Amino acid sequence: MDIDAPSVTQPTVKDLLDRGAKLYAGGHTAAAAKVYREALTIAPRDPTVRLRHAIAIWHGEDRAEEALAEIRDLGREFPQAAIFAHEGLILNSLGRFEDGVAASRKAIAKDPDYSSAWLDLATAIPPAEAESLVAELRAMLAAEPEAKAARDLQYALATALRKIDDTDGAFDATAEGNRLSPMRWDAAQELGMQDLLRSVFDARLMQRLQGAGLADDRLVFITGMPRSGTTLLDRMLTAHPVIASVGETTTVGMIFNQLIGQVGRDPAKLRQTLTPSVITQMGQAVLQGVAGRLQGQQAARIIDKMPPNTLFWPLIAAMFPNARILHMQRHPLGTCLSCWEASFAFGLDYATDMTALGQAYRQYADLTDHWNVLMGSRIRSVLYEDLVTDSEPVVRGVLEHLGLPFDARCLEPDTSGPVKTASVAQVRAPVSSGSLDRWMRYRGRLQAVVDGMGGEHWLAARWRAIQARSREQRPE
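None of the values given here were measured: they were computed from a predicted structure.

Enquirer: Sorry, what's going on with helix α18 (residues 332–342) here?
Expert: In an α-helix, one turn spans 3.6 residues, which is why side chains three or four residues apart end up on the same side. Burial runs high along α18: eleven of the eleven residues are buried. P332, L333, G334, T335, C336, L337, S338, C339, W340, E341 and A342 are the residues of α18 that are buried.

Enquirer: Which parts of the structure should I look at to understand unusual backbone geometry?
Expert: Across the chain, the bulk of peptide bonds are trans and the bulk of non-glycine residues have phi less than zero. Even without being a glycine, E144 presents a positive backbone phi close to 55 degrees. On the basis of relative accessibility, which here comes to 71%, the residue E144 falls in the exposed class. For R227, which is not a glycine, the phi torsion comes out positive at approximately 70 degrees. Position of R227 relative to the elements: it lies in the loop between β1 (219–224) and α13 (230–238).

Enquirer: Whenever I open this one, the side chain of R301 confuses me. Can you help?
Expert: Mapped onto the fold, R301 is located in strand β3 (residues 301–305). Although R301 is buried, it forms no salt bridge, and the closest oppositely charged side chain is D217 at an N-O distance of 4.0 Å. Setting aside anything within four residues of it in sequence, one finds R301 in contact with D217, R218, V220, V242, I243, A244, R324, L402, G403 and L404.

Enquirer: Explanation requested: the sheet that holds β3 in the structure shown.
Expert: Hydrogen bonds between backbone groups are what pair the strands of a sheet, and the pairing can be parallel or antiparallel. Ordered by their spatial adjacency, five strands build an open sheet running β2-β3-β1-β4-β5, and the pairing between neighbours is parallel. Strands with a single pairing partner mark the edges of an open sheet, and in this sheet they are β2 (243–245) and β5 (379–383). Sheet twist, expressed as the average angle between the axes of neighbouring strands with direction ignored, equals 25 degrees. In this structure, β2 lies alongside β3, joined through three bridges in parallel fashion. Following the sheet pairing, S245 is matched in β3 by I303. Against the sheet, helix α23 (residues 456–472) engages β4 (324–329) and β5, with an angle of about 115 degrees to β5.

What counts, and at which threshold
Residues numbered from 1 in each chain as written. Predicted model: local features only at pLDDT ≥ 70, side-chain atom pairs only at ≥ 80, totals over all residues. Heavy atoms only, no water. Buried < 20%, exposed > 50% of the residue type's maximum accessible area, 1.4 Å probe, protein only. Helix = DSSP H or I, 4+ residues; strand = E, 2+ residues; numbered from the N terminus. Lys, Arg positive; Asp, Glu negative; His and termini not counted. Salt bridge = Lys/Arg side-chain N within 4 Å of Asp/Glu carboxyl O. Contact = heavy atoms within 4.5 Å. Pairing = 2+ DSSP bridges. Axes fitted to C-alpha atoms, helices over the stretch in contact; angles between N-to-C directions.

The following block contains the structure:
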């Protein structure tokens, strides 16, 4: 099996821009960065190539300061709203919110209709200034902008309203923003992929692959439903002096999709192709991707925090028999409310519709239950509610599972460094239980989510099962 397919001969700048955009839109940001670097060799001063390359190395390679410097140079040469808005986006990811406000304001001054700048402004603005921003946003919405701008403005309004504790208004604004968002999630297509994975990674294949893969014990995969607390756990663990994080990578999924592209979707052919030598080659490709993000940093444990890697637990276990796989869990409605509020702005396509959100959660729950039966003790469950209310024993248990001694710095994680998820603001604050029961305020408005999951009885049983599995793995 050839993991790395050859690139197109002598591509044009347009070819490379199109290919990079497709990769970036699919979440393959590190791969997009490589494509844009190739474009830079052809057109080193092209502003579009430079901007896209900067964003890709920020998002895909954790080179935030380098990306910021390039974007600021671009802003001096081409003072345009899009460039200033991306400057604000990166500044927010670094927790430099005051500078983020200034950059977003520059973007808005250049073009008030550049709607994503309003969302970045709402993310960065302090609560004391949020009320005046609410007035600005409502004035913009009163002018009846086109649908995409109205959607962004509604999300910005919801963010600003949450900062002044207008929870009902924030919920209504989120609902309107989600209504204006296109529904791109296909429940049947997602379920088809999950069924394929179930068929491929059965007990016989896992038995045949025992002893295969790479005997590298450094890798730690933090997984779970988006908005379940994966970023918080990542931040707490990387406060340990011998743990590093490469953020969210799509490498595992890309490698499996390459396999499908070469072999097809027939489960028998895929199982036949997944020999020990191929599994080892796939693991080497993952390690190569990780090494590119570490930028020479040495670490005893390396975290890949990609929530949807729940899809690929058996593949990860086969490639890296000594890797640790952590499953972050949270109350289902707490998770889903947070997804619904983050929604389209952060790429959660299913989260714009409550019924689809409930269905997506149920699919994730059914698949991870299936994997837990298949894989047993390979998966370590971590409960968000315990992590924020009784942090020390939870962190001690996780570190013990990783084969590391406890370090008190993990209880007060560093809030510096880039954050490129919907948790960009939350992780800058101290570890807190303040959002634990927030979903209860909206319980009556979340019924469509519950129905999508399978109803009240399923929800109650799921929450009991989450608590039981997480707590049985905690040390005494």
